[in-house]
Amino acid sequence: MQLVYLYNFIDTNIFEEKEEIAAKQAKIALEIANKTLPYFRDIENNSFDKICEIIKDSIDADAVAITDTKYVLAHVGLGSDHHMKGQEIQTEATEKVIKNGEILALTSGEQINCSHEYCSLKSAIVTPLKDGEEIIGTLKIYYSKEDAVSFRNKNLAIGLSQIISTQLEISKLGKLKEMATKAEIKALQTQINPHFLFNALNTIISFVRIDPNKARELIINLSTYLRYNLETGDNFVDI
C-alpha cells in the first residue's frame, strides 16, 4: 500500500512539474510573439535580426538564426563573425531539416559541423519553418556548451518555429491583400481620371473668361490632386 501511495505521489508531482514547465513555455512563447509582431507586420532589411535578438534574449540562448531555403536571413549572437546574413547555408544539418522537415537536436560541435575552425557553437536545435505544408526555411537556436539541448529547450524551439511560421503566413496574406487593394485602386483611377480630368479642364476653360482668379484656384487644386494621385502609386496611370 505504501509503495502504491509513493508511486502515485511521484506520478502526481511529475505531472504537476510538466504542467508548470508547459505553462512557463507558453508564457515565454506568447511574450516573444507579442514582441516580434511589429517586425512581421512590415518586414524590412533588419526585421529578422530584431526577431532573432528578441528570441535570443528571451530564452537565454547564445545565438539564434533564421534562414530561408538557401540563405541565412539573420544570425545574432555567438558565431556572427562567420555565420553571416546573406551567405548560403553551409551545414548539412540545416539542409537536412529543409529537405525532410524534421527537427534536429545537435549536441556537439561535430554534429553542427561548422566549417570555421574556431566556431564556438557546440549545441543547436534546428526546426523547420513552414508555409502550409511547404518548408520555407529554418529557425536555429545555438548554445556554447555541448549537450545543452534539453527537452524543455526543444519543445520551446518547436513552439517558436510554429509561431514564426504563422506570423510569416499572416504577413504574406497581408501583403497579398495590400497588393489586391492597390490593384483595385489603380483600376478605378484608370476609369475615373479621364472623365474627371476632362470635366475639370472644361470647367477651368469656362472660368478663364468670366473669373480668372477662380480659374487659377481651380488649376492649383487640380495640379495638387494630380500630384497626390501620382505619388500614391508606384506606377503612372494612363489618362
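This structure is a prediction, so every number in the text was calculated from the model and none was measured.

Colleague: Help me out: how do you make sense of the pattern of salt bridges in this one?
Modeller: Pairing between side chains of opposite charge can happen when the charged atoms of each approach one another. Going through the model one piece at a time under the given rule, you end up with three salt bridges. One salt bridge connects lysine 85 with aspartate 49, and the closest N-O pair in it is separated by 2.7 Å. Of this pair, lysine 85 sits in the loop between strand E2 (72-77) and helix H3 (92-100) while aspartate 49 sits in helix H2 (residues 47-59); the two residues are 36 residues apart in sequence, bridging distant segments of the chain. Here glutamate 102 and lysine 96 are joined by a salt bridge, their closest N and O atoms 3.8 Å apart. Using a relative accessible area of 30% as the deciding quantity, one classes glutamate 102 as partly exposed.

Colleague: Please clarify how the environment of asparagine 46 should be interpreted in this entry.
Modeller: Inspection of the secondary structure assignment puts asparagine 46 in the loop between helix H1 (2-41) and H2. Assessed through its relative accessible area of 36%, asparagine 46 is described here as partly exposed. Sequence separation of asparagine 46 and leucine 73 is 27 residues, and the distance between their C-alpha atoms is 9.1 Å.

Colleague: Looking at this structure, how should I read the sheet that holds strand E4 (residues 123-131)?
Modeller: What links the strands of a sheet is backbone hydrogen bonding, and the strands pair in either a parallel or an antiparallel sense. The strand order E2-E1-E5-E4-E3 describes an open sheet built from five strands, whose pairing is antiparallel. This sheet does not close on itself; its edge strands, each paired only once, are E2 and strand E3 (104-106). Each strand axis lies, on average, 15° off the axis of its neighbour in the sheet, ignoring direction. Here E4 pairs with strand E5 (residues 134-143) via nine bridges, running antiparallel. Of the residues in E5, the one forming a bridge with lysine 130 is isoleucine 135.

Colleague: Would you take a moment to explain the layout of surface pockets for this structure?
Modeller: A water-sized probe rolled over the atoms picks out the places where empty space is left. Of the pockets and cavities examined, the largest pocket occupies roughly 250 Å³. If you go around the largest pocket, you meet 15 residues; those closest to its centre are Ile43, Phe48, Ile136, Leu168 and Lys172. When residues of the lining of the largest pocket are traced back to their parent elements, those giving at least two are strand E1 (63-67), E4, E5 and helix H5 (151-210). At five residues, the largest contribution of residues to the lining of the largest pocket is made by H5. Looking at the lining of the largest pocket residue by residue, the class counts come to seven nonpolar, two polar and six charged.

Colleague: Please clarify how the nonpolar core should be interpreted in this entry.
Modeller: Core analysis: the largest hydrophobic core is formed by 24 residues, its most contacted members being Ile55, Ile59, Ile66, Leu139, Ile141, Leu160 and Ile164. Sequence-distant contacts of isoleucine 59, defined by excluding residues within four places in its chain, comprise Ile28, Ile32, Ile141, Leu156 and Leu160. Listed in part, the 13 residues of the second largest apolar core include Ala65, Leu104, Leu106 and Cys114.

Reading the values: rules and limits
- Residues numbered from 1 in each chain as written.
- Predicted model: local features only at pLDDT ≥ 70, side-chain atom pairs only at ≥ 80, totals over all residues.
- Heavy atoms only, no water.
- Salt bridge = Lys/Arg side-chain N within 4 Å of Asp/Glu carboxyl O.
- Helix = DSSP H or I, 4+ residues; strand = E, 2+ residues; numbered from the N terminus.
- Buried < 20%, exposed > 50% of the residue type's maximum accessible area, 1.4 Å probe, protein only.
- Pairing = 2+ DSSP bridges.
- Axes fitted to C-alpha atoms, helices over the stretch in contact; angles between N-to-C directions.
- 1 Å grid on protein atoms, 1.4 Å probe; cavity = no way out; pocket = protein on both sides within 12 Å on 5 of 7 lines; lining within 4 Å.
- Points joined across faces, edges and corners; volume = space filled by probe spheres on them.
- Nonpolar A, V, L, I, M, F, W, Y, C, P; charged D, E, K, R; others polar.
- Core = buried A, V, L, I, M, F, W, Y, C linked by side-chain atoms within 4.5 Å.
- Contact = heavy atoms within 4.5 Å.

The values are spatial; any link to function lies outside them.
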